[in-house]
Amino acid sequence: MTSHEQPTSRADAFRARAAEGLALVLFEGPGSHADAIVVDRLDDGRFRVVSTDERASVWDGSIRIYPADAESSALDDALTRARADRRVRDGLRRREDEAVATWRAAGGDAWVRSETGLWLKGVHHPAGARWQVFRRREDWGSERGNSLGYVAHTPRGYLAIPLTGFPGPAHATSAEAELALEALDQSAAGV
């Protein structure tokens, strides 16, 4: 509901989306809507609110269905989720900006030995700060190269981004994403 305790209308939701810069897709029909909260009307008149990831896939457990006479409730849910998602993204962006500033102040890229034994190098990337994941030092000089891929922190978790292919599902920790990259590399090498 709006601050006046009136039911939230579509016009209210469109205004909030524009004014607050929310990743909110309202009644745009089928399509690829990545990293957004999507509201649509089903054929039977009910309303559906879902959260999508960076590949426009619907997050498990994110689907909420509202009766045909509860559009305002569906819009309230979508606005609440979109605002929470924006807060998380803003926090991540601030942390990434701080990491990039630290790397730049140090005069180069930051190297860290991970708890998994793999080496991480902080890198600047147009999509945001990432950690490049390198093999264990004893495996350096491999004919396949030293880099396994990248780990990026997103609101949904840590993504393992191989050098070729697409990111897999989000992981709860950076270590899990690093080990996923190592496992992909080993399976590609037939190990």
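Scope of this entry: the structure provided in the associated data block.

Definitions and cut-offs
- Residues numbered from 1 in each chain as written.
- Predicted model: local features only at pLDDT ≥ 70, side-chain atom pairs only at ≥ 80, totals over all residues.
- Heavy atoms only, no water.
- Helix = DSSP H or I, 4+ residues; strand = E, 2+ residues; numbered from the N terminus.
- Contact = heavy atoms within 4.5 Å.
- Patch = residues over 30% accessible without salt bridge, like charges linked within 9 Å, V, L, I, M, F, W, Y side chains within 5 Å.
- Areas by Shrake-Rupley, 256 points an atom, 1.4 Å probe, with all protein chains shown as cover.
- Salt bridge = Lys/Arg side-chain N within 4 Å of Asp/Glu carboxyl O.
- Buried < 20%, exposed > 50% of the residue type's maximum accessible area, 1.4 Å probe, protein only.
- Pairing = 2+ DSSP bridges.
- Axes fitted to C-alpha atoms, helices over the stretch in contact; angles between N-to-C directions.
- Phe/Tyr/Trp six-rings, centres within 6.5 Å; stacked < 30°, edge-to-face > 60°.
- Lys NZ or Arg CZ within 6 Å of the ring centre and 35° of its normal.
- Core = buried A, V, L, I, M, F, W, Y, C linked by side-chain atoms within 4.5 Å.

1. Focus on the environment of Val133
- One can find Val133 in strand S7 (residues 130-134).
- Remark: the alpha-carbon pair of Val133 and Val151, spanning 18 residues in sequence, is separated by 7.0 Å.
- Filtering out sequence-adjacent residues up to four positions away, Val133 remains in contact with Leu118, Trp119, Leu120, Asn146, Ser147, Leu148, Gly149, Tyr150, Val151, Glu178 and Leu181.

2. Examining a nonpolar patch on the surface
- There is a patch of nonpolar side chains on the surface, built from Val58, Ile63 and Ile65 and spanning about 240 Å² of accessible area.
- Residue Val58 is classed as partly exposed on the basis of its relative accessible area of 41%.

3. Section: the sheet that holds strand S2 (residues 37-41)
- One open sheet accounts for four strands, arranged S1-S2-S3-S4; its pairing is mixed. Among the strands making up the open sheet, the edge pair consists of strand S1 (24-26) and strand S4 (64-66). Shown here is a sheet whose adjacent strand axes are inclined to one another by a mean of 15°, direction ignored.
- Relative to S4, strand S3 (residues 47-51) runs antiparallel, the two sharing three bridges. Residue Arg48 lies in a different strand from S4, and its bridge partner there is Ile65.
- Packed on one face of the sheet, helix H1 (residues 10-20) meets S1, S2 and S3 and runs near 150° to S1.

4. Side note on the pattern of salt bridges
- Inspection of the entire model under this criterion finds ten salt bridges.
- Across the salt bridge formed by Asp40 and Arg48, the nearest N and O atoms sit 2.6 Å from each other.
- On the basis of relative accessible area, Asp40 is assigned to the buried category, the value being 16%.
- Of the charged contacts in the structure, one is a salt bridge between Asp90 and Arg86, with a shortest N-O distance of 3.9 Å. Remark: Arg86 and Asp90 occur in helix H2 (residues 71-105); sequence separation between them is four residues, near one turn of the helix.
- Since its relative accessible area comes to 26%, Asp90 is described here as partly exposed.
- Using a relative accessible area of 24% as the deciding quantity, one classes Arg86 as partly exposed.
- Because the salt bridges share partners, they merge into one network encompassing Glu20, Arg83, Arg86 and Asp90.

5. Quick notes on the packing of aromatic side chains
- This model, assessed by the stated rule, comprises one aromatic pair.
- Between the aromatic rings of Phe27 and Phe47, the centroid separation amounts to 6.1 Å while the plane-to-plane angle is 80°, which identifies the pairing as edge-to-face. Separated by 20 residues along the polypeptide, Phe27 in the loop between S1 and S2 and Phe47 in strand S3 bring together distant segments of the chain.
- For the cation-ring pair, Arg10 lies above Phe27, with the distance from its terminal atom to the ring centre recorded as 3.6 Å.

6. A closer look at unusual backbone geometry
- In the Ramachandran plot, Phe27 falls in the positive-phi region, its phi being about 55° despite a non-glycine side chain.
- Of note in this structure, Asp35 is not a glycine but carries a positive phi near 45°.

7. What to know about the pairing of S3
- When you tally the buried positions in S3, you get four out of five residues, the bulk of the element.
- The pairing of S2 with S3 spans five bridges and is classified as antiparallel. Across the sheet, residue Val39 finds its bridge partner in S3, namely Val49.
- Following S2, the chain reverses through five residues before pairing antiparallel with S3; Gly45 in that reversal takes a positive phi of roughly 95°.

8. Some thoughts on the nonpolar core
- Counting 16 residues, the largest nonpolar core has Leu24 and Val49 as its most contacted members.
- Counting residues per element, the ones that place at least two in this core are H1, S1, S2, S3 and H2.
- Looking at this core, the element that brings in the most residues is H2, giving five residues.
- Those residues in contact with Val49, other than ones at most four positions away along the chain, are Ile37, Val38, Val39, Ser62, Ile63, Arg64, Tyr66, Ala74, Asp77, Ala78 and Arg81.
- Leu118, Leu120, Val151 and Ala160 belong to the second-largest nonpolar core, a separate cluster that totals eight residues.

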